[in-house]
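Per-entry structural report
Below, each chain spelled out in residue letters.
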Amino acid sequence: MEVLPLRKDVPVEETWDLKGLLENDADFEPALAQLVEDALNFERKYQGTITDAQQVIAVLTASEALQESIVPIGAYANLNIQADRTDDVAQMRSAKFSTAVGKISSALSFVRSELLALDEEILQEAAKSSPIYKSYLEELLKQKPHQLHPEVEKALASFSSTFKAPYETYNTAKLVDMHFGQFEANGEKHPLSFVLFENNWEFEANTNVRRAAFESFSSKLRDYQHTTAKIYNTHIQQEKTMADLRGFDSVIDYLLFDQDVDRSLYNRQIDLITKELAPHMRRYAKLIQQANGIEKMTFADLKIALDPDYDPKITMAEAKGYVEKALAVMGEEYKNLMEKAFNERWIDYAPNKGKSTGAFCSSPYGSHPYILMSWNERMNEVFTLIHELGHAGHFANAHAHQSYFNSRPSLYFIEAPSTMNEMLLANYLLTHNDDLRFKRWVISNIVSKTYYHNFVTHLLEAAYQRKVYELIDAGEAVNATVLNQLKRSVLEDFWGDTVDISEGAELTWMRQPHYYMGLYPYTYSAGLTISTQVSQRILTEGSTAVDEWLAVLQAGGTKSPVELAKMAGVDITTEQPLRDTISYIGHLVDELERLTMGIEAIKR
């Protein structure tokens, strides 16, 4: 395994093309200066003028146009830094944009304050005469009890880049300052980095090498644990202060408010999965242990394959073929979108030094989406790719049918379209190959990649995160010792005596950026609950279910998560969809046990 190349040395065809956002670097600073000037002119022109429905529509129209013009500049700054955090020019560009956003946000803050100071009848009249702003104004009215004095709102808006500092500091420490060097196993030295560990060494079939990589990786994390904990504590204390300022009893309620869901949906997702999924996943862990001949199952072994000798390598061109065949069921327009993603370089997949870990899809309004990942030529990465393309398909549809203000749905729903694509890939693979070993490989990928990732990794993040916020709500603070203890307790509760939570596992809280994104982790299992149910409908009902799902994607942020799920035929106000999904995971583990017995019998 080679050391990661520098960004300048990777093939350009394996990177995204950002010219659709900004033609070249030299255009950035003039464009940014113009945005700040436009925002100040907007403030001078409209502040104090919003008195009737006609002016409400005028200011919203102008505000929307201004905010749309900010999007490509911000996306350009962000995507460049995500591709290479060691790039000094990209670092400065990102910092300049953050500073400018503080000025712009401060200039625009009067709009919300003045709108909320109006009589409700005026806002209702505006919504009636211009339905495009109906959803936005309805959401705005919900925020009225939590609105602060206009000058306070202006001051808070001007500090927007400062409030993001913990997240940016975390990423800089993780991707720029942490140097993992090499580790030694079986007398050989191997290169190590965040990307190499999470993309390769975690899945390494050789137990000695895998565990040595885990120990070395954990050792480097441990060197930074106190600084990272301090950064995180700063972030969550900021959230608590904001919750208090806006009159929320709990930071959890404050963060759920923007998601448009209540505590019952949040707690049910965590409690029911922790209790009822654990037995199925413990069976899966034992199956991995037996198949790999491991004497004692540890945390470092949980990501390895059920069949380590069956690990198909695949090129991006071959992955494109799988994606297009699996998503053909979604219809011609969706298929064309997927082809554009590949043909027009929406996807940045070359691994390089300084690149953000994991994968994401950025969907700037007015442009096409952009996907970042690090391709490792493993077949299981097709699930990651098709997941991110699910986000791309979602927002391409939402942007085409909704205005800027209405395009983004609740965070609760964000992971439903992405995990839906994973389910469609699994459905396709299972119905186009009858080989027992291939079927077992596909199902094990569904369990280990789709469900483990979303229903275990992210769900245990959510359980841990809830414990952290409960402490913060009680007036406490956290440090590395507290966070390590909380993470270890969550892992031990879930895995019981099936898995040894080896030293270093407690540091897993240092690996995920999701903790800086509000109550994001639990939404993965929420989205997958919805997509599991809808994918089963697509299997049995075909085009009727597909058309309903496409209508959901096109609805954007005009409906609540409960309403969006209902449009797709799923009632998430009850336990049933979640219980059905957990039962389905149990069925998949049953099938893996059955296939393993069959394969072993053939070998004998």
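Residues numbered from 1 in each chain as written. Predicted model: local features only at pLDDT ≥ 70, side-chain atom pairs only at ≥ 80, totals over all residues. Heavy atoms only, no water.

**Details of the sheet that holds strand β4 (residues 360-362)**
Taking strand neighbours across the sheet as the criterion, the three strands line up as β3-β5-β4 in an open arrangement whose pairing is mixed. Edge positions in the sheet fall to β3 (347-348) and β4, since each of these pairs with one other strand and no more. The pairing of β3 with strand β5 (residues 370-372) spans two bridges and is classified as parallel. Across the sheet, the residue bridging to Ile347 is Ile371, located in β5. Across the sheet, helix α17 (residues 381-401) is in contact with β3, β4 and β5; its angle to β4 comes to roughly 25°. (Pairing = 2+ DSSP bridges. Helix = DSSP H or I, 4+ residues; strand = E, 2+ residues; numbered from the N terminus. Contact = heavy atoms within 4.5 Å. Axes fitted to C-alpha atoms, helices over the stretch in contact; angles between N-to-C directions.)

**Overview of the pairing of strand β2 (residues 188-191)**
Note: strand β1 (residues 182-185) against β2, four bridges, orientation antiparallel. Counted as the bridge partner of Glu184 is Lys189 from β2. Counted between consecutive antiparallel strands, the loop separating β1 from β2 contains two residues, among which Asn186 sits at a positive phi close to 55°.

**Examining the nonpolar core**
Core analysis: the largest hydrophobic core is formed by 150 residues, its most contacted members being Met281, Leu385, Trp495 and Trp549. A per-element tally of this core places helix α19 (residues 436-473) first, with 18 residues. The residues contacting Trp495, other than those within four sequence positions of it, are Met281, Arg282, Ala285, Leu302, Tyr452, Val456, Leu460 and Ile501. Of all hydrophobic cores here, the second largest spans 47 residues; its members include Val59, Leu66, Ile122 and Ala126. (Core = buried A, V, L, I, M, F, W, Y, C linked by side-chain atoms within 4.5 Å. Buried < 20%, exposed > 50% of the residue type's maximum accessible area, 1.4 Å probe, protein only.)

**Comments concerning the packing of α19 against helix α24 (residues 576-603)**
Where α19 meets α24, the axes come as close as 9 Å, and the angle between the chain directions of the two elements is 145°. Once α19 is placed against α24, the crossing between them reads as left-handed. Together, Leu436, Arg437, Lys439, Arg440, Ile443, Ser444, Ile446, Val447, Tyr451 and Phe455 of α19 and Leu578, Thr581, Ile582, Tyr584, Ile585, Leu588, Glu591, Leu592, Leu595, Thr596, Ile599 and Ile602 of α24 make up the contact between the two elements. Taken together, the residues that form the contact of α19 with α24 break down as 15 nonpolar, three polar and four charged. (Left-handed = near helix turned anticlockwise from the far one by under 90°. Nonpolar A, V, L, I, M, F, W, Y, C, P; charged D, E, K, R; others polar.)

**A word on the packing of aromatic side chains**
For the structure shown, the criterion picks out 32 aromatic pairs. Judged by centre distance (4.1 Å) and plane angle (10°), the ring pair of Phe197 and Phe217 falls under stacked. With Phe197 in helix α9 (residues 194-199) and Phe217 in helix α10 (residues 207-223), this pair connects stretches of sequence that are 20 residues apart. On the accessibility criterion, Phe197 (1% relative accessible area) is buried. Cluster of aromatic residues (ring-pair linked, three or more members): Tyr167, Tyr170, Tyr232, Tyr464, Tyr515 and Tyr516. One residue, Arg93, lies across the ring of Phe28, its end atom 5.9 Å from the ring centre. Seen from the ring of Phe194, Lys174 lies directly overhead, with NZ or CZ sitting 4.9 Å from the centre. (Phe/Tyr/Trp six-rings, centres within 6.5 Å; stacked < 30°, edge-to-face > 60°. Lys NZ or Arg CZ within 6 Å of the ring centre and 35° of its normal.)

**Some thoughts on the side chain of Thr596**
Tracing the backbone shows Thr596 in helix α24. Within the local environment of Thr596, its side chain forms a polar contact with the side chain of Arg440, the two groups lying 3.2 Å apart. Looking at Thr596, its side chain comes within polar contact range of the main-chain oxygen of Leu592, at 2.7 Å. (Polar contact = N/O pair within 3.5 Å; in protein donor to acceptor, adjacent residues only side chain to side chain.)

**Some points on the pattern of salt bridges**
Going through the model one piece at a time under the given rule, you end up with 37 salt bridges. When the shortest N-O distance is used, the salt bridge between Asp301 and Arg211 registers 2.6 Å. Taken together, the positions of Asp301 in the loop between α14 (278-291) and α15 (316-326) and Arg211 in helix α10 put the pair 90 residues apart, joining distant regions of the chain. Ionic pairing is found between Arg537 and Glu548, a salt bridge with its closest N-O pair at 2.8 Å. Separated by eleven residues along the polypeptide, Arg537 in helix α21 (residues 521-541) and Glu548 in helix α22 (residues 543-555) bring together distant segments of the chain. Classification of Arg537 as buried rests on a relative accessible area of 15%. (Salt bridge = Lys/Arg side-chain N within 4 Å of Asp/Glu carboxyl O.)

**Structural notes on the environment of Tyr133**
You can see Tyr133 is positioned in the loop between α4 (120-129) and α5 (134-142). With relative accessibility at 4%, the residue Tyr133 sits in the buried group. C-alpha of Tyr133 to C-alpha of Leu60: the two residues are 73 residues apart in sequence and 8.0 Å apart in space. Filtering out sequence-adjacent residues up to four positions away, Tyr133 remains in contact with Ile57, Leu60, Thr61, Glu64 and Phe405.

**Here's the deal with unusual backbone geometry**
At Arg345, a position not held by glycine, the phi torsion is positive, near 60°. Within the secondary structure, Arg345 sits in the loop between α16 (332-343) and β3. Even without a glycine there, the phi angle at Glu377 is positive, about 65°. Mapped onto the fold, Glu377 is located in the loop between β5 and α17.

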